[in-house]
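What follows is each chain in one-letter form.
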Amino acid sequence: MSENKIMLSENELPKAWYNIQADMPNLPKPALNSATRQLAGPEDLSPIFPMGLIEQEVTSERWVEIPEEVLEIYRLWRPAPLCRARRLEKALDTPAKIFYKYEGVSPAGSHKLNTAVPQAYYNQKEGIKRLATETGAGQWGVALSQACNFFDLECMVYMVKVSYLQKPYRRTQMQIFGSDVIASPSEQTDSGRKILQEDPDSLGSLGIAISEAVEDAAGRDDTNYALGSVLNHVILHQTVIGLEAKEQMAKVDEYPDVVIACCGGGSNFSGIAFPFAYDIIVKGAKVNLLAVEPTACPTLTRGHLGYDYGDVAGFTPLLWMYTLGKDFMPPGIHAGGLRYHGESPLVSQLVHDGIVKARAYRQTDIFKSAEIFARCEGIVPAPESSHAIHGAIEEAVAAKEAGEARTILFNLSGHGLLDLPSYETYIDGKLIDYPLSEDSLKNSIEKLPKV
Ligand SMILES: *Cc1c(COP(=O)(O)O)cnc(C)c1O
């Protein structure tokens, strides 16, 4: 019997990130300056991003070398384990093999540190002293706080109010690493004040918090902005997940039939899936790539592919992506990291081209699957990651019904030990679903910028 945990040694850590822009059959349409509607150039991004990251945003090089300073910090927790969920397989009585890549072993508790570290590194290298950012569920704020601490940068975090209230310990976790944390919408920025005037009880959204952080960064020379998902450079950094997973599967002579991850802005999904997308595009491999999202924020399954702003105030360049409209206010579901109106342009294009498939699940269902997984494997998963677990369980059950072997790989993007208030709601039977009417989606999508 092969092992439960497939490990790599530290010197087997990937030395380069994989850039899918080198291989995509069709690139997404380029970002546009939001005022002129002309192609967004480096000068549109340089007020808030360092050149090192702007170059990665547009490069067509297939491999981008990981700096030694970044590898040194990656080695604190990477390579991350690949695990075989044997007890889950048994509980489901399925012929399928279920593997998961566990990103919850990072000091931040999620995959987000994979990009926070290089982002802090390139900013510090170019003389920046302070980063401003937003955070939804808090995982990104925690990851960036840790990375800023490693590279001696100050960190200002605008935290979406619903999560600030639901997940108070995340704020403490950020403060341990020296960050300033404020609930968004806040009185600190013009964009925050404007929202509060219209709706003093606003629960906030990632789109609003991004506006606040971008406004903060654009207003100060010593400050840049950092985004935890969506952009090409973020997705590039996350490919360490899939590159490791592929090596680990190969060690036990396995290759997945399906690769599954949850999808908020698309970074952990891309991270595990893009190295396999390479096999599909370049080598003609047959593997299904499945992105899973909440029915309450169904960007890929019910959104519109077109240009939209990344934030509510409309400060960011226009991105070509699946979107529910920047003013779409997702209900306060417990997977805070999946409450974003847009999606990575790279993932959007691959969905459009049929290389990636998408599915949406209800939060009442994903918490049931989270519980089954926790009882079998002993790990309390993040509510976001539980979407991937639910997808994996569905695939395993389908394999059983079809009476066929199937190898399933999913990304367990983080642990849920700071999401216990959400689990409490589930255990108390108070968890509800939020169906979205076609009309409310239509309303929001009709307001998309006309380009
Ligand atoms: C932020 C987060 C997500 C969603 O973000 P993506 O960019 O779509 O990966 C998923 N899982 C966890 C644990 C997160 O922290």
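The rules we used
- Residues numbered from 1 in each chain as written.
- Predicted model: local features only at pLDDT ≥ 70, side-chain atom pairs only at ≥ 80, totals over all residues.
- Heavy atoms only, no water.
- Salt bridge = Lys/Arg side-chain N within 4 Å of Asp/Glu carboxyl O.
- Helix = DSSP H or I, 4+ residues; strand = E, 2+ residues; numbered from the N terminus.
- Buried < 20%, exposed > 50% of the residue type's maximum accessible area, 1.4 Å probe, protein only.
- Core = buried A, V, L, I, M, F, W, Y, C linked by side-chain atoms within 4.5 Å.
- Contact = heavy atoms within 4.5 Å.
- Pairing = 2+ DSSP bridges.
- Axes fitted to C-alpha atoms, helices over the stretch in contact; angles between N-to-C directions.
- Near = heavy atom within 4 Å.
- Polar contact = N/O pair within 3.5 Å; in protein donor to acceptor, adjacent residues only side chain to side chain.
- Areas by Shrake-Rupley, 256 points an atom, 1.4 Å probe, with all protein chains shown as cover.
- Nonpolar A, V, L, I, M, F, W, Y, C, P; charged D, E, K, R; others polar.
- Domains from an automatic or database assignment.
- Buried area = accessible area lost by both parts, 1.4 Å probe.

The tally for this structure, following the rule as stated, stands at 26 salt bridges. The residue D419 makes a salt bridge to R170 at a minimum N-O spacing of 3.3 Å. Remark: R170 occurs in helix 8 (residues 168–176) and D419 occurs in the loop between strand 15 (407–412) and helix 18 (420–427); sequence separation between them is 249 residues. A relative accessible area of 0% means that D419 is categorised as buried. Overall, the relative accessible area of 2% leaves R170 in the buried class. A salt bridge links E371 to R375, with the shortest nitrogen-to-oxygen separation between them at 3.4 Å.

This next bit is on the nonpolar core. Counting 41 residues, the largest nonpolar core has I20, V259, F269, F274, L289 and L409 as its most contacted members. Those elements that place two or more of their residues in this core are helix 12 (240–251), strand 10 (258–262), helix 13 (267–283), strand 11 (288–294), strand 12 (304–309), strand 13 (318–323) and helix 15 (345–352). Ranked by residues supplied to this core, first place goes to helix 13 with eight residues. Look past the residues within four positions of L409 in its chain and what remains in contact with it is L82, F99, Y100, K101, A245, M249, P256, V258, V259, I260, I272 and F276. Ranked by size, the runner-up nonpolar core spans 35 residues in total, among them L144, L153, V157 and L236.

This part covers unusual backbone geometry. Note the cis peptide between R78 and P79, where omega equals -10°. Topologically, P79 is positioned in the loop between helix 3 (68–74) and strand 4 (82–84). The amide bond that connects S184 to the next residue, P185, takes the cis arrangement and shows omega of 5°. Secondary-structure assignment places P185 in the loop between strand 8 (180–184) and helix 9 (190–198).

Read across the open sheet, the four strands follow the order 8-7-6-9; overall the sheet is parallel. For this open sheet the edge positions go to strand 8 and strand 9 (223–225), each flanked by a neighbour on one side alone. When the angles between neighbouring strand axes are averaged without regard to direction, this sheet yields 25°. Two strands pair when backbone bridges link them, and strand 6 (residues 130–135) and strand 9 are joined in this way by three bridges, in the parallel orientation.

Let us now look at the site of the ligand. The environment of the ligand is formed by 19 residues, the closest being K112, S229, G264, S267 and S413. One of the backbone N or O atoms of G264 is found 2.6 Å from an oxygen atom in the ligand. G265 places a polar main-chain atom, nitrogen or oxygen, 3.0 Å from an oxygen atom of the ligand. In isolation the ligand exposes 390 Å². Once the protein is present, 98% of that is buried. Looking at the shell around the ligand, the elements that each hand over two or more residues are helix 13 and helix 17 (383–402). Taken together, the residues that form the shell around the ligand break down as four nonpolar, 13 polar and two charged.

Moving on to the sheet that holds strand 14 (residues 357–361). The strand order across the open sheet built from seven strands is 1-4-5-15-10-11-14, with neighbouring strands paired in mixed fashion. Since the sheet does not close on itself, it has two edges, and those belong to strand 1 (5–6) and strand 14, each with one partner. Note: strand 1 against strand 4, two bridges, orientation antiparallel. Bridging across to strand 4, I6 finds its partner in L82. Along the sheet, helix 12 makes contact with strand 1, strand 4, strand 5 (97–102) and strand 15, crossing strand 5 at roughly 140°. Sitting on the sheet, helix 17 touches strand 5, strand 10, strand 11, strand 14 and strand 15, and the angle it makes with strand 10 is about 150°.

The next subject is the environment of T323. Looking at the element boundaries, T323 is found in strand 13. T323 sits in the buried class, given a relative accessible area of 0%. In this structure, the C-alpha to C-alpha distance between T323 and G265, residues 58 residues apart in sequence, is 10 Å. Apart from residues lying up to four places away in sequence, T323 is in contact with T299, G303, H304, D308, H341, G342, I445 and L448. Of the polar contacts made by the side chain of T323, one reaches the backbone nitrogen of G325; its length is 2.8 Å. Here the side chain of T323 touches H341 through a polar contact of 3.5 Å, landing on its backbone oxygen.

Let us now look at the domain arrangement of the protein. Examined at the domain level, the protein breaks down into domain 1 (53–66 + 112–231) and domain 2 (78–109 + 233–445). Taking the mean C-alpha position of each, domain 1 and domain 2 sit 22 Å from one another. At the interface, 41 residues of domain 1 touch 44 residues of domain 2. Here domain 1 packs against domain 2, burying approximately 3,400 Å² in sum over the two surfaces, 60% of which is carbon and sulfur. The three residues of domain 1 that bury the most area against domain 2 are N114, V230 and L231, which together make up 19% of that side's buried surface. At the boundary of domain 1 with domain 2, the tally comes to two salt bridges. A salt bridge links K167 to D419; the nearest nitrogen and oxygen atoms lie 2.6 Å apart. Contributing elements (two or more residues each) for the side of domain 1 that touches domain 2: helix 2 (51–58), strand 3 (63–65), helix 5 (113–125), helix 6 (139–150), helix 7 (161–166), helix 8, helix 9 and helix 10 (206–218). Tallying contributions element by element places helix 10 first for the side of domain 1 that touches domain 2, with seven residues.

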